[in-house]
Structures are given as structure tokens and as C-alpha cells.
Amino acid sequence: MSAFTEVSDAAHTTAAQLLDRTNTRTLRLVLCDTAAVRRVRAVRVPTANVAQWCGKLSAEGIGLTTAIMAFPAQFDAPAPGAEAVGCSAVGEIRMVPDWSTLVALPWCPGPAFVHVWLRHRGGSPWALCPRAARQRALDALADDDENSGGFSMRVGFESEFV
């Protein structure tokens, strides 16, 4: 399974229906960076043509500096040497929502939460996207060749909001 598949119109429609049904006006685009810090970009959800807006958001994404993946947990500035691995304040990637992760926040009416893929402007995957790296690791684990046994992984985690 590829992490970067085309998003169907049905996904946009389903996302729009959830956003309309829950009266969502703010969408939180969320990524977890290499320091295990959740980074959030909040965008306003329009009151009309929500499915079209979801499609446009999937196609174009929201801009983000590549330096974000080089921010240590203790301060908001790139770590020394970040440019050497492609994390510069000059470069830009796009936050593209994974509509399968969309949830309305039951404890806080109004906003919704969606995880994002990090892609280049043309839609190609960015090598440092944490979700893509996880997917590559899972694909390699599941690969049924002489070096592995076609394994799958099941994990549990505790997610705390501080």
C-alpha cells in the first residue's frame, strides 16, 4: 500500500459531510515532528462549498517551512547543521490532510483534527515526512523476501495532551 495515493472525490465528500454535521469551523492540521512535538496549523473551514474546499486542500496543501523537522523540543529554531539534511528556513513543503484521520473533537465543539502528509508542491512525497517514513518501515517489515518473514506490527500507545 502506498502512502501517497490519490484522494478520491468520495473522501472529500465524506470529510465535508463530517465537517458540516459537526459544525466545524476550524480544522487543525497536525504533524508530529522528529522531536515528538505536535505541530499544528489551524485553518478556517468555509461555510459553503466545503467539499470543493476539501478537494482544493488535498490538491494544494498548506505551506510549511522544511526547517520544522529540525526544531529541537527546547526551542523553535532549527538545530545546527539542519541545512545539510534538507531542513532550511528557505525551503517549503505542503501539509496535505489524510482525510481518513479526520475527527471532530468531542470535548471542544467547533474544531476538528486531521493528520497530514508532508509533500512537495507538485504532490511528490517529501523524504523527511514522519508518516511516510513510518509507512516505508511498515512496508519493508511486511515485504515477504528472504530477509524477512512478511511481518506485521501491532502497537499501542498512550497519547497525552499537555
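For the structure itself, look to the data block above.
Not measured: the values here are computed from a predicted model.

1. Some remarks on the overall build of the protein chain
Next up, step 1: Helices and strands together make up the secondary structure of the protein chain, namely three helices and six strands.
Next up, step 2: In the protein chain, the succession of α and β elements from N to C terminus is α-β-β-α-β-β-β-β-α.
Next up, step 3: Looking at the protein chain residue by residue over its 162 residues, the buried ones come to 37%.
Next up, step 4: Residue pairs at least 24 apart in sequence account for 56% of intrachain contacts in the protein chain once pairs closer than 6 positions are excluded.
Next up, step 5: Per element, the accessible surface of the protein chain, about 9900 Å² overall, is 55% carbon and sulfur.

2. Topic: the side chain of arginine 39
Next up, step 1: Looking at the element boundaries, arginine 39 is found in strand β2 (residues 38–44).
Next up, step 2: We classify arginine 39 as buried; its relative accessible area is 14%.
Next up, step 3: Once residues lying within four places of it in the same chain are set aside, the contact partners of arginine 39 are Leu29, Val30, Leu31, Asp33, Ile68, Phe71, Pro72 and Asp76.

3. As for the packing of aromatic side chains
Next up, step 1: Enumeration according to the criterion identifies zero aromatic pairs in this entry.
Next up, step 2: One Lys or Arg, arginine 131, reaches over the ring of tryptophan 117 and ends 4.4 Å from the middle of that ring.

4. Describing the pattern of salt bridges
Next up, step 1: As enumerated under the stated definition, the model contains four salt bridges in all.
Next up, step 2: A salt bridge links glutamate 92 to arginine 94; the shortest N-O distance between them is 3.1 Å.
Next up, step 3: Given a relative accessible area of 41%, glutamate 92 falls into the partly exposed group.
Next up, step 4: Two residues, aspartate 98 and arginine 131, come together in a salt bridge whose shortest N-O distance is 3.0 Å.

5. As for the pairing of strand β4 (residues 92–97)
Next up, step 1: Among the six residues that make up β4, five are buried, leaving the element largely enclosed by the rest of the structure.
Next up, step 2: Where strand β3 (residues 62–65) and β4 come together, four bridges link them in antiparallel fashion. Its bridge partner lying in β4, leucine 64 is registered against isoleucine 93.
Next up, step 3: In the sheet, β4 pairs with strand β6 (residues 111–119) via four bridges, with the strands oriented antiparallel. Bridge pairing in β6 places valine 96 opposite tryptophan 117.

6. Quick look at helix α1 (residues 9–21)
Next up, step 1: Taking 1.5 Å of rise per residue, 13 residues should cover 18 Å, and α1 covers 18 Å from first to last C-alpha, within 8% of that figure.
Next up, step 2: Burial in α1 covers these residues: His12, Ala15, Ala16, Leu18 and Leu19. For α1, the arc enclosing every buried residue in end-on projection is 160°, short of the 170-degree limit, so these residues lie on one face. In this structure, α1 carries Asp9 and Arg21 as exposed residues pointing more than 90 degrees from its buried face.
Next up, step 3: The elements touched by buried residues of α1 are β1 (26–32), α2 (50–60), β5 (103–104) and β6.
Next up, step 4: Asparagine 23 occupies a position one or two residues after α1 and carries a positive phi of about 55°.

7. Some details on helix α3 (residues 130–142)
Next up, step 1: With 13 residues, α3 extends 18 Å from end C-alpha to end C-alpha; this agrees with the ideal 18 Å at 1.5 Å per step.
Next up, step 2: Residues Arg131, Ala132 and Gln135 constitute the buried set of α3. The arc that holds the buried residues of α3, viewed along the axis, is 95°, so those residues lie on one side.
Next up, step 3: Buried residues in α3 make contact with β6.

8. Here's the deal with the nonpolar core
Next up, step 1: Of all hydrophobic cores here, the largest spans 34 residues; its most connected members are Leu19, Leu27, Leu29, Leu102 and Leu118.
Next up, step 2: Those elements that place two or more of their residues in this core are α1, β1, α2, β3, β4 and β6.
Next up, step 3: With five residues, the single largest contributor to this core is β6.
Next up, step 4: For leucine 29, the residues in contact, after removing those within four places along its chain, are Arg39, Val40, Arg41, Val43, Leu57, Ile62, Met95, Pro97, Val114 and Val116.

The rules behind the values
- Residues numbered from 1 in each chain as written.
- Predicted model: local features only at pLDDT ≥ 70, side-chain atom pairs only at ≥ 80, totals over all residues.
- Heavy atoms only, no water.
- Helix = DSSP H or I, 4+ residues; strand = E, 2+ residues; numbered from the N terminus.
- Buried < 20%, exposed > 50% of the residue type's maximum accessible area, 1.4 Å probe, protein only.
- Contact = heavy atoms within 4.5 Å.
- Areas by Shrake-Rupley, 256 points an atom, 1.4 Å probe, with all protein chains shown as cover.
- Phe/Tyr/Trp six-rings, centres within 6.5 Å; stacked < 30°, edge-to-face > 60°.
- Lys NZ or Arg CZ within 6 Å of the ring centre and 35° of its normal.
- Salt bridge = Lys/Arg side-chain N within 4 Å of Asp/Glu carboxyl O.
- Pairing = 2+ DSSP bridges.
- Expected span 1.5 Å × (residues − 1).
- Arc of directions from axis to C-beta.
- Core = buried A, V, L, I, M, F, W, Y, C linked by side-chain atoms within 4.5 Å.

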